[in-house]
Structures are given as C-alpha cells and as structure tokens.
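# Observations on the three-dimensional arrangement
Okay, here's what each chain looks like letter by letter:
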Amino acid sequence: MLLWLLGAALLAPAAGFYLPGLAPVSFCEPGKDQVPDCKSTIELFVNRLDSVESVLPYEYTAFDFCSEKTLKRPSENLGQVLFGERIEPSPYKFEFKKPAVCQKVCTRTYDASNPTDKAKLDFLKKGMLLNYQHHWIVDNMPVTWCYDVEEGQKFCNPGFPIGCYVTEAGRPKDACVVNSNFNEKDAFYIFNHVDIIIHYHIVEHEQLGARLVAAKIEPKSYENPNDDSPDCSGGPKFLKNKHTGVFKIPYTYSVRFEEDKNIRWASRWDYILESMPHTNIQWFSIMNSLVIVLFLSGMVAMIMLRTLHKDIARYNQMDSVEDAQEEFGWKLVHGDVFRPPRKGMLLSVFLGSGTQIFIMTFVTLFFACLGFLSPANRGALMTCAVVLWVLLGTPAGFVAARLYKSFGGEKWKTNVLLTALLCPGVVFADFFVMNLILWGEGSSAAMPFGTLVAILALWFCISVPLTFIGAYFGFKKAGIEHPVRTNQIPRQIPEQSFYTKPFPGIIMGGILPFGCIFIQLFFILNSIWSHQMYYMFGFLFLVFIILVITCSEATILLCYFHLCAEDYHWQWRSFLTSGFTAVYFLVYAIHYFFSKLQITGLASTILYFGYTMIMALIFFLFTGAIGFFACFWFVTKIYSVVKVD
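These remarks concern the structure in this document. Just so it is clear, the structure is predicted and the values come from calculations on it, not from any experiment. (Residues numbered from 1 in each chain as written. Predicted model: local features only at pLDDT ≥ 70, side-chain atom pairs only at ≥ 80, totals over all residues. Heavy atoms only, no water.)

## Considerations on the overall build of the protein chain
Within the protein chain one finds 17 helices and 19 strands. Among the 645 residues that make up the protein chain, the fraction classed as buried is 52%. Long-range contacts, defined as pairs at least 24 residues apart, comprise 78% of the intrachain contacts of the protein chain with a sequence gap of at least 6. (Helix = DSSP H or I, 4+ residues; strand = E, 2+ residues; numbered from the N terminus. Buried < 20%, exposed > 50% of the residue type's maximum accessible area, 1.4 Å probe, protein only. Contact = heavy atoms within 4.5 Å.)

## Here's the deal with helix H14 (residues 537-564)
Look at H14: 40 Å from first C-alpha to last across 28 residues, which is about the 40 Å you get at 1.5 Å a residue. With respect to burial, H14 is a largely interior element, 22 of its 28 residues being buried. Glu566 sits one or two residues past H14 and shows a positive phi near 65 degrees. (Expected span 1.5 Å × (residues − 1).)

## Re the packing of helix H13 (residues 511-529) against H14
Interaxial distance between H13 and H14 falls to 8 Å at its minimum, and their mutual angle equals 160 degrees. As judged from the angle between their axes, H13 and H14 are roughly antiparallel. You can see that H13 and H14 cross each other, and the crossing is left-handed. Residues Leu512, Pro513, Cys516, Ile517, Gln520 and Ile524 of H13 pack against Phe539, Leu540, Val543, Ile546, Leu547, Thr550 and Cys551 of H14. Within the contact of H13 with H14, the residues separate by chemical class into 11 nonpolar, 2 polar and no charged. (Axes fitted to C-alpha atoms, helices over the stretch in contact; angles between N-to-C directions. Parallel < 35°, antiparallel > 145°, perpendicular 65-115°, else oblique. Left-handed = near helix turned anticlockwise from the far one by under 90°. Nonpolar A, V, L, I, M, F, W, Y, C, P; charged D, E, K, R; others polar.)

## A short note on the nonpolar core
The biggest cluster of nonpolar side chains holds 162 residues, and the ones touching the most others in it are Phe94, Trp136, Trp330 and Tyr639. Tallying contributions element by element places helix H17 (residues 602-641) first for this core, with 18 residues. In this view, Trp330 contacts Leu308, Asp311, Ile312, Tyr315, Tyr560, Leu563, Cys564, Ile638, Tyr639 and Val642; residues no more than four positions away in its chain are not counted. (Core = buried A, V, L, I, M, F, W, Y, C linked by side-chain atoms within 4.5 Å.)

## What to know about the packing of aromatic side chains
The description of two aromatic rings rests on the distance between their centres and on the angle between their planes. The tally for this structure, following the rule as stated, stands at 59 aromatic pairs. Ring pairing ties together the aromatic residues Tyr58, Tyr60, Phe63, Phe65, Phe123, Tyr132 and Tyr251, which thus form one cluster. Just above the ring of Phe247 sits the side chain of Lys237; from NZ or CZ to the centre is 5.0 Å. (Phe/Tyr/Trp six-rings, centres within 6.5 Å; stacked < 30°, edge-to-face > 60°. Lys NZ or Arg CZ within 6 Å of the ring centre and 35° of its normal.)

## Considerations on the environment of Ile549
Position of Ile549 relative to the elements: it lies in helix H14. Sequence spacing of Ile549 and Gly627 is 78 residues, and the spatial spacing of their C-alpha atoms is 9.6 Å.

## Some thoughts on the sheet that holds strand S18 (residues 238-240)
Taken together, the 3 strands give an open sheet; going across it, the order is S14-S15-S18, and neighbouring strands pair in antiparallel fashion. Each end of this open sheet is capped by a strand with a single partner; those strands are strand S14 (163-166) and S18. Mean inter-strand twist for the sheet, computed between neighbouring axes without regard to direction, equals 25 degrees. With 4 bridges joining them, S14 and strand S15 (residues 187-190) adopt antiparallel strand pairing. Of the residues in S15, the one forming a bridge with Cys164 is Tyr189. Along the sheet, helix H3 (residues 115-129) makes contact with S14, S15 and S18, crossing S15 at roughly 85 degrees. (Pairing = 2+ DSSP bridges.)

## A closer look at the sheet that holds strand S3 (residues 41-46)
The strand order across the open sheet built from 4 strands is S6-S3-S9-S10, with neighbouring strands paired in antiparallel fashion. In this open sheet, the two edge strands, each paired with only one partner strand, are strand S6 (88-95) and strand S10 (141-142). Bridging between strand S9 (residues 136-138) and S10 involves 2 bridges; their strand directions are antiparallel. Across the sheet, Val138 pairs through a bridge with Met141, a residue of S10.

## Here we look at the side chain of Asn47
Relative to the helices and strands, Asn47 is located in the loop between S3 and strand S4 (49-51). Here Arg86 takes part through its backbone nitrogen, which lies 3.0 Å from a polar atom of the side chain of Asn47. When residues no more than four places from it in sequence are discounted, the contact partners of Asn47 are Tyr60, Glu85, Arg86, Ile87, His135 and Ile137. (Polar contact = N/O pair within 3.5 Å; in protein donor to acceptor, adjacent residues only side chain to side chain.)

This is the structure:
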C-alpha cells in the first residue's frame, strides 16, 4: 500500500480522477475571459529530434531552427532526462479559433564562406540525410503527420521530417517521395512551412469552453521569393549539396481549427495508437503464443505431478532394508542435494539483485496496467523503475544474506558490499561509457553532470544503506532449515549422458521462456529504437506472468531429470538454465539490428550494443532468480514428503 501511495504521489500529480495524471485544459476564444480556468493562447512545445538511422537524438536548437529564448523551459523528470527528451517552448503560438495563413516565424541566413554558418548548414544537411524527425507537442499531445499507406489506411506518425534528400542519380529518399516536384538532383529539400490543423471538442455539460482532441500537421516546402513578407508561393525550397554563397531559409506556418464531435478528450490518443504499424496484425500472433505457452505449461505440470506422485508413493512403500538398498533416481542423492554450491558468494549476490529486479518489474508493470504510466505521462515509466530499484535495496540485501548464510558462508561484509555494488556498478559503468560517447557527439541524450551526481546520490545514499539494512536482518535470522541432512563425504556423480550434461540442459532451458516473449520483444525494441509508442501494458503484464511460470516449469523439469540421473549440483544449473533466456534475447537483438534497423555510424552502433548489454544483464539476473527459487522450492518440497532413514 505504501508503494502504491508513493507511486501515486510520484506519477500522478493530477486533480480529480484522471488516471494518466493529467487533467484536461479548457480553451475558449480570446475576449471570453469571464469563463474561469479557460485559456485562449495555444502554446506549441518542441522536443528533441531523433532518427531511425541514428541512435543519437539532438536538441531542437542544435539545428538552428527558430527558437524562443525568453521563456523558461518546462522541468523534466528523471525518466525524460534518461531518454534524452528535451522539451522547450517554441515561437509557434496562436489564439484559439483564430486561423492564420502563412505567418512568418523567422528567417535564417547562412553564408557558406563563414566557417560557423557552413558548420550549421552541414549539420542541417546531415539531419536531412539521416531523416531526423521533429517532435512537437500541443496540450501535452503529440502533433502528428498523417498520410496514406497501403490498402487505403492512414498512418499517423508522432513526428515529421526536417527535410529530405534527392541523390545524384535523381532517386528521392524518405519524405521526398511525397512530392513529384522534388526532382533536383543532389539537393536537400527543406520543410520550412507547416500547415497545422487543431481539432477540438466543445464540452456541453461539464463547463464552458473546448478541449483539444487532435493536432495534425502537414510539412511543406516553399521558396518564398519575398523574405520580408512571405506568401507561401514559389516552388519547393532546396539547397544544393555543393552550394556556395548566401542561403536564406524563411520559416512560416498556417493554422486552422476544426470541430470534431466524435472524439472525446479521454480517447484522443486512440487515432495515433490505432494507426501504429503491425499492431493489428500481431494480436493473433500474441494470442497464439500465449495459447501455446499455456498448453506447454499444462503438459509440464501434468507430467511432473503424475511422475512425482508415483516416485514418492514407491519410495514411501519401501519398508525393508533390502528394498532401501535398491533405491534409485532422485532419492539416492538426498544426502547431497543441499550441499553448498561452488562460488556460493557470487550466486547469492546474483540472486539478491535478481529479486530486486523482479519486484521492480512487477510493480512497474502493475502501475502501467492501472494507467499511471501511459504515453501521455512522459518519462513516468523510467522514473518509476529507477525509484523502485533504489527503494528495493532491502529485499536484495535480505535475500543475498539469507542464501549466503544457508550456503555456509561467513564473509558477510564482502557479501553485503558485492550485493550493493557489483551488478549496479556494472550497469552504471556501461551507462557512463555510453554517456561519454553521447557527450562527445553533442547529443541531447547525454546526461548532464548534475543528473549523474543525483543518480550516484540515490545509489549510495539510499540504495546502499537499504541493502545493508536488509542484509542485517538476513544474517540475523536463523539459517534455512533443509528437510534432509547433508552427508559429510560428497557422493560421486556417475557418468552422465549427453542430454543430462550441464551445457545441453542449460541451452534447452532457455528456448521455451524465450518463445513466449519474442513477439512482445519486437514491440519493445520498436518502441526504443524505432521511436514508436508502446502502450500494450496489459498484454505485457500477462506475458510477464507467463514468462515467470514458463521459466519455473522448464527449470523444475530439467532439475528433476538431473536429480534422477544422480547429479545433485542443481543450484548454479537452475540459475543458468532460465538465465540463458537472456542469451537468446541478445541473439534476437543482434538479428533485429541487422534485419530491421537502418542505423549507420560507429557511435550509434556502439550505443545500440552498449544499451542492449545492459538490458541483457538485467534480463539474465531476473530470469535466473526465477529459475533458482522455483527449483529451490521444488527440491525442498519433494525431499520433505519422502521418508529418509
């Protein structure tokens, strides 16, 4: 309950009952000031620019567009800073229901002989070549560029390009295909004019005023021969690749308002989400995946219950000494099954961190299902995850200490320090190197020094002390009592067949869990690298639950086979069996990079694989912990119900 309240305080500073944490804003025409809490000026905010061909996002001002320097930029939360979002005010402002035609914003002049101007022009050309996209915001809603795709469907993109390039061979790239007039060879076409359409819905019963339900844009290119008073005339504005001399870019906009009686404020995001590519096609695939996994889970559970029931009944019916001498299968290793594993310190540290990640993921997805972490609440998902990770140091310390004590470990100080510093340290070191690359490239995703210090403060001043508290209680508690005694002399493990050797079992164990997540993985990678919105948290939560069940059952099944083969080294094997799912995740991420993305440049490639390694490590700890605890429960259960002399 405390976490729920904390999440509500952090993520939903809203009035009333609006779950996404954002109350609606009412707009009315200028001069109608008698209506309370009614705004007449519509402000347009600009966000960072990004590209599917580059991992590096850039601030709006980096491209020398028309900017508003007088107004204070809105404050960003931790999640927005981590994702490189940089929202700032823009000079595009208009009055509600007051249309405007070809309004001048500013004119940028470049002299190719001036090194500073030449560098700005080159950067603008690089942005058009890599298809960098604007991301504008009106009333906390993305301004979308809607265009027709195949089969008469409309696709609404929450971004629009700054321009496009026609190659030396005359082949138009990216957005240049939309206009047949973009035919100048080896030239960059600049979208220096935007037609903005604001859709609004008049509130009839609650209060006077209107609410904005959509903001659409159409980028255009005009020569505008008269820079002082542009009239949006002339052919498209283009810049030759080898341009010399002075070059002027006049930026203009037009705006019009349309009433929409069908869309309500609460469902204003639907038209963007419904037009996302592949969404409709994948529902069947996701359901298919879930049905297969549930079917396999049922089969595994049935086999385990029936076989185990027979084993336990047979073992418990053996009364005579002669029968006991003929024991076989998993009962034979009862004196060694709880023998402490090799490298017990490292295993306990991994399990502590895995528990921390598991609880963090579960609570974050639960909040997302409630609607707190919707796309409207920018950066909330990442902020929630980081805050929860910091606060969950206590369970990590407790689990690591308790297991380390049960493994017979005595170096408790080393255990606590490793739990608090090892896995978070590896993630932070990788993140820091990635941040240095972003900083060197001048990207907006480079984290400011102050934020880095704040994250280190959260880690060392909150997470580490909480880990110490958890470890104190873990070591103070009595050790875990096992149902059978451990023999002093280890039993010799017989020669194993190929299938019961550790490595083949570990490789097989990760296939089933990966099979139930790879479709969702496609959507998640799309949302991260192709800048598409992810909103199917209900399905993701369901897949998360099924992943937990599948990891548990696959690990228990393989654990049972190994115990039947008289191999009692189950601790590391159970962790690595389900943890191997992360290796399949890594292989899929490499396949996704080469088959789906068009990322170019060494820095972007290093960043992609650097961030992927962080995700793979987190996934490895998370799935590994699930496998170990499932197997631990299983082994404790079966040896507690069988009679051992």
